[in-house]
Amino acid sequence: MSSHREAPEISKDPVADSSDLYAFVSPDHPDTVTLIANYVPLQLPASGPNFFEFGDDVLYEIHVDSNGDGRPDLTYQFRFRTELRNDRTFLYNTGPIESLDSENWNRRQFYSVTKVDAHGKHTVLAEKLPCPPCNVGPLSIPDYDKLAEDAVHKLKTGEKVFAGQRADAFFVDLGAIFDLGTLRPFQDKHLIGQNLFKGAGTAVNATDRMNVHSIAIQVPLHMVRKDGKKKVRGRDPGAVIGVWTSASRRQVQVRGNKDDNDVFVGPQVQVSRLGNPLFNEVIVPMAQKDLWNSLPPAEDKRFAEFVEQPELGALLPVLYPGLFDNLAELNKAKTARADLVAILLTGIPDGLIDDFQNNTGDTQADMLRLNTVIPPAKEENAFGIIGGDLAGFPNGRRPADDVVSISLRAIAGATFPLVDEKFTPDDAATLVEQGLSAKDVSSKLLKKFPYLGVPFDGFNNPSASSSGSDK
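Each value, and the rule that gives it
Residues numbered from 1 in each chain as written. Predicted model: local features only at pLDDT ≥ 70, side-chain atom pairs only at ≥ 80, totals over all residues. Heavy atoms only, no water. Salt bridge = Lys/Arg side-chain N within 4 Å of Asp/Glu carboxyl O. Helix = DSSP H or I, 4+ residues; strand = E, 2+ residues; numbered from the N terminus. Buried < 20%, exposed > 50% of the residue type's maximum accessible area, 1.4 Å probe, protein only. Pairing = 2+ DSSP bridges. Disulfide = S-S within 2.5 Å. Lys, Arg positive; Asp, Glu negative; His and termini not counted. Polar contact = N/O pair within 3.5 Å; in protein donor to acceptor, adjacent residues only side chain to side chain. Contact = heavy atoms within 4.5 Å.

**Student:** Please clarify how the pattern of salt bridges should be interpreted in this entry.
**Tutor:** Pairing between side chains becomes possible if they bear opposite charge and their charged atoms approach one another. Under the definition given, this model contains 16 salt bridges. Note that glutamate 299 and arginine 71 form a salt bridge whose closest N and O atoms lie 3.7 Å from each other. Linking glutamate 299 in the loop between helix 5 (289-294) and helix 6 (304-308) with arginine 71 in the loop between strand 3 (58-65) and strand 4 (74-84), this pair joins segments that are 228 residues apart in sequence. Among the residues examined, glutamate 299 registers a relative accessible area of 24% and is labelled partly exposed. A residue is classified by how much of its surface remains accessible, and arginine 71, at 41% relative accessible area, is partly exposed. One salt bridge connects glutamate 433 with arginine 409, and the closest N-O pair in it is separated by 3.7 Å. Taken as a pair, glutamate 433 in the segment after helix 11 (427-431) and arginine 409 in helix 10 (residues 403-411) lie far apart in primary sequence, 24 residues in all. Just as glutamate 433 is buried, arginine 409 falls in that class too.

Following this line, the structure appears as structure tokens:
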């Protein structure tokens, strides 16, 4: 999965597990950028009496790098506090919740938003903003859409924020991918040339009908661009930003003997982060996944060897003999995958793709890189840049982008001609896809902020009042 349970230690700490990150120029407000960070993955809708929530002891952050050094120039911090209204009941709610201040709602969460600039100056932008409740069911939540809309807050400084439960928009055939890289279109190599790669087999969206907790913020473009320019050119380095999210916990030490212990509370320690989808999941070796989660993107040069020689790229010719012969030759020559380094660690430089670049310089750092001058696509292509849609992954990431198929094609060699025009990708590399799309997510995306679909209720359905993408 994109980053669900992607490392041994964070798999034990779901409230701090950063599972997906999205960054895109807002389609309905193209003078803003929307950043969405998902946490608490794999939520089953029927989870009472203790429903999912953000961690009061976790510092959640969304970072923006505007000068390409892999360190934040702008950070938004989110801290949560849970309040219990009635200590004489086991119930999450004692009646219908029809407003964010309903007396029937027993366990509520609030949060603060703090802005940190490149110099470390902290400015509190808002305090005690209410989250919406979890989507318990139609009797408990008669109009979930209304509660969610009321939980979208416009800050005095110009940003728009939301924090609360949403449907997981990520789609992946998890059973196939981790069953030794089973790619359903290639289970029968005789399908080559018969145009049966697309949709072959039966793909299953393993994350459908599951919820997450999302932190979403919509920021005016001039606030994230270098030097705060409101207008920049497409090839201006100030147009490109790098984005990642993180979660941190306080370091705690207990010293002394069993009768006389002293507890020392130390600094925040990063336990999770996420930039590009699938980076820690598929690129970083198991033994270093927890280390990767603890480091800033500026340290990612130590993982470059795994990008240059990805393990999955070596496995494909072995698992599917005869389908990836050109890739096998590339592997045999131990050719460094400069295309993957550009896509994942530095951004794509000018001159490789017509009218496009999202390069941030020489610093190798795993970040979602977004060229903020590229306008939203009138009609999105789920394959993003390799599908001819410059507004899609790996130029940022939109919720409907098929990042699994895009990543598989890139690793299989489809993007190597960008850096070596003499290389011919295998036919299989240019055809592979997982056979899923955003249409396989039962709760449809919204056309407005916060864009992710209505969370599933205890009856495993979006709320009766929701009309999904028509909203």
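**Student:** Help me understand helix 10 in this model?
**Tutor:** Along an α-helix, residues three or four apart share an orientation, since each turn contains 3.6 residues. Most of helix 10 sits inside the fold, with nine of its nine residues counted as buried. Listing the buried residues of helix 10 in full gives Val403, Val404, Ser405, Ile406, Ser407, Leu408, Arg409, Ala410 and Ile411. Following helix 10 by one or two positions, glycine 413 adopts a phi angle in the positive range, close to 110 degrees.

**Student:** Help me understand the pairing of strand 4 in this model?
**Tutor:** Each regular strand carries side chains that alternate between the two faces of the sheet. Sheet topology note: the strand 3/strand 4 ladder contains five bridges and is antiparallel. Across the sheet, the residue bridging to valine 64 is leucine 74, located in strand 4. Sheet topology note: the strand 4/strand 5 (residues 107-117) ladder contains 11 bridges and is antiparallel. Across the sheet, the residue bridging to tyrosine 76 is lysine 115, located in strand 5.

**Student:** I would appreciate a short explanation of the state of the cysteines in the present structure.
**Tutor:** Chemically, a disulfide is nothing more than a covalent bond linking the sulfur atoms of two cysteines. With the rule as written, the count across this model stands at zero disulfides. Cysteine 131 carries a free sulfur, and the closest cysteine sulfur to it, the one in cysteine 134, is 9.4 Å from it. Here cysteine 131 falls in the buried class, since its relative accessible area comes to 3%. Residue classification places cysteine 134 among the buried positions, given a relative accessible area of 3%.

**Student:** Looking at this structure, I do not really get the side chain of arginine 166. What am I missing?
**Tutor:** Within the secondary structure layout, arginine 166 lies in strand 8 (residues 160-167). Buried arginine 166, no salt bridge; nearest opposite-charge side chain is aspartate 145, N-O distance 5.8 Å. Within polar-contact distance, the side chain of arginine 166 engages the backbone oxygen of leucine 452 at 2.8 Å. From its side chain, arginine 166 meets the backbone oxygen of glycine 453 in a polar contact 3.3 Å long. Residues in contact with arginine 166, not counting those within four places in the same chain, are Tyr144, Ala148, Asn211, Val212, Ser214, Leu446, Pro450, Leu452, Gly453, Val454 and Pro455.

**Student:** I would appreciate a short explanation of the side chain of glutamine 109 in the present structure.
**Tutor:** Looking at where glutamine 109 falls in the secondary structure, it is placed in strand 5. A polar contact of 3.0 Å, which involves the side chain of glutamine 109, links it to the side chain of threonine 82. Filtering out sequence-adjacent residues up to four positions away, glutamine 109 remains in contact with Glu53, Phe54, Asp56, Phe80, Arg81, Thr82, Leu129, Pro130 and Cys131.

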